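Residues per chain are reported as follows:
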Amino acid sequence: MKPLDMIKLASKTTLILGCENTQPERVMIIEDDKALAAHCQTVLETAGMKVATLDKPEHLFESISEFNPELVLMDLCLPNVTGAELAALLTQTERWAQLPVIYLSGESSSALRNQALLRGGDAFLEKPVDKKLLVSLCQARIRRLRELDRTRNLDSLTGLLKHGSIKEALQMQWQLTQRRPQIFSVVMLDIDHFKAVNDTYGHAVGDLVIAAVGTLLRQHFRTTDTLGRYGGEEFTLVLPDCDVSQAEQQVNRLREDFGAIKFRADSKAFSCTISAGVADNKQFLTDSADELLNRADKALYDAKDGGRNRVVSAKL
Ligand SMILES: Nc1nc2c(ncn2[C@@H]2O[C@H](COP(=O)(O)OP(=O)(O)OP(=O)(O)O)[C@@H](O)[C@H]2O)c(=O)[nH]1
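Just so you know, the residues in each chain are numbered from 1, in the order the chain's sequence is written. A pLDDT threshold of at least 70 governs which residues receive local features in this predicted model, and a stricter bar of 80 or more applies before side-chain atom pairs are shown or counted, although totals over entire chains, interfaces and linings include all residues. Only hydrogens and water are set aside when side-chain values are computed; all heavy atoms of the structure are taken into account.

The protein goes by diguanylate cyclase in an unreviewed UniProt entry, where it is assigned to Lacimicrobium alkaliphilum.

Another aspect to go through is the packing of aromatic side chains. To describe a pair of aromatic rings, one takes the distance between the centres and the angle between the planes. Any two rings among Phe, Tyr and Trp, with Trp reduced to its six-membered ring, count as a pair given centres within 6.5 Å; such a pair is stacked if its planes are under 30 degrees apart, edge-to-face if over 60, and tilted if neither. On inspection of all chains with the given rule, the structure shows 4 aromatic pairs. For the pair Tyr-201 and Phe-270, a centre-to-centre distance of 4.1 Å together with 15° between the ring planes defines the contact as stacked. Taken together, the residues Tyr-201 in helix α8 (residues 194-201) and Phe-270 in strand β12 (residues 268-270) connect sequence positions 69 residues apart. Here a strand is any run of E in DSSP of at least two residues, a helix any run of H or I of at least four, and the numbering for each starts at the N terminus.

Within this document, salt bridges are pairs made up of a side-chain nitrogen of Lys or Arg and a carboxyl oxygen of Asp or Glu, the two lying within 4 Å of each other. Summed over all chains, the structure comprises 17 salt bridges. Here Asp-192 ties to Lys-304 by a salt bridge, and the two come within 2.9 Å at their closest N and O atoms. Of the two residues, Asp-192 is situated in the loop between β8 (184-191) and α8 and Lys-304 in helix α11 (residues 289-305); the sequence distance between them amounts to 112 residues. When its relative accessible area of 3% is taken as the criterion, Asp-192 is described as buried. Between buried and exposed lies partly exposed: a residue is buried under 20% and exposed over 50% of the maximum accessible area for its type, with that area taken using a 1.4 Å probe on protein chains only.

This brings us to the site of the ligand. The nearness test applies per residue and asks whether one of its heavy atoms lies within 4 Å of the molecule or strand. Surveying the vicinity of the ligand reveals 16 residues, the closest of which are His-193, Phe-194, Asp-207, Arg-229 and Arg-308. Whenever two N or O atoms come within 3.5 Å, that pair is a polar contact, provided that in protein one can donate a hydrogen and the other can accept it, and provided that, for residues adjacent in sequence, both atoms are side-chain atoms. A distance of 3.1 Å separates an oxygen atom of the ligand from a polar side-chain atom of Asp-190. For the ligand, a nitrogen atom lies 2.8 Å from a polar atom in the side chain of Asn-198. At the level of elements, β8, α8 and α9 (203-220) are the ones that each hand at least two residues to the shell around the ligand.

When DSSP finds two or more bridges between a pair of strands, those strands are recorded as paired. The mixed open sheet is built from 5 strands, whose spatial order is β9-β10-β8-β13-β14. Across the chains shown, the open sheet's two edge strands, defined by having one partner strand only, are β9 (226-231) and β14 (311-313). Mean inter-strand twist for the sheet, computed between neighbouring axes without regard to direction, equals 20°. Relative to β14, strand β13 (residues 274-280) runs parallel, the two being bridged by 3 bridges. Considered in β14, the bridge of Val-278 is made with Ser-313. Contact definition: two residues touch when any of their heavy atoms are within 4.5 Å. Orientation is described by lines fitted to C-alpha atoms, with helices fitted over the stretch in contact, and by angles between N-to-C directions that extend from 0 to 180 degrees. Lying on the sheet, helix α10 (residues 244-260) is in contact with β8, β10 (234-240), β13 and β14; it crosses β13 at an angle near 170°.

On the UniProt side, "domain: Response regulatory" (unreviewed entry) is annotated at positions that read residues 26-142 here. The span residues 26-142 carries 44% helix and 24% strand; its end-to-end C-alpha distance comes to 9 Å. UniProt positions are given in the numbering used here, feature names are shortened, and annotations may be inferred rather than shown by experiment.

The following block contains the structure:
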């Protein structure tokens, strides 16, 4: 089989397999009836989900920011507030507007139910709660949310994060290390003389070369690393627990493996190289996330100036 076909196949396979998010579903229960909350929690945890409960709705925003739920299960009647009012609040915030909400209710009036659904929320679950229905409703809604997130955040050609999402991931990593010190590296990576690939073999072949970088990146880095397509033929990596020399080593391995690929187009074989710039947060303790990214980008320019097909670390 031609090397180009192998790359194409591997890229497609990883994209398809990458669809499956095997993390436990995260459900937040907002319910003042502690016995009912505990019952739902047990049912959902037995089905493999992660559950947090909240009995004081006034702490809603604090708690959801911390737990980051994928679904909220809440009583329609809570102390001092209705579930529908809380759902309406969630829909007004950018971060939580898409969060699925299921009401727990003994309410039989269809007018009240309709009103609640119009203000926010997706479905009703009658009390006493049917265990199987509870589990399947949560699983189905969360699967849909994950699919939406995937298409919204992932670049379709490489299966890596899109520009906005990789920048957000870097920001989150940076914020995390402000609270709990942890070393991490940022990498900017770019395919060398890529314009010539497009000009010589056409855009479709150029796309396959970009997709091959995505596939190789996923093969070379850990699942805890965050990999993104910054734009065009440029990539950004955020590597936790990895200092600049370890990052340099990893990226050099990737660079060598990428350079060894023989692409084929119009019965001709060709290969490509990549250049990269690396910076870590230990060297630049006072840098913001954006400043670190700029350091890695500047080091990438140095790699290009130095002759390309190389990895350069940011200098102090
Ligand atoms: N096939 C393809 N080409 C793209 C895509 N996005 C950007 N490009 C092309 O990538 C090329 C980038 O070219 P340049 O910025 O000049 O860089 P380069 O030729 O790689 O040169 P150096 O980076 O200096 O080594 C341009 O020709 C863009 O049209 C894409 O999604 N698919």
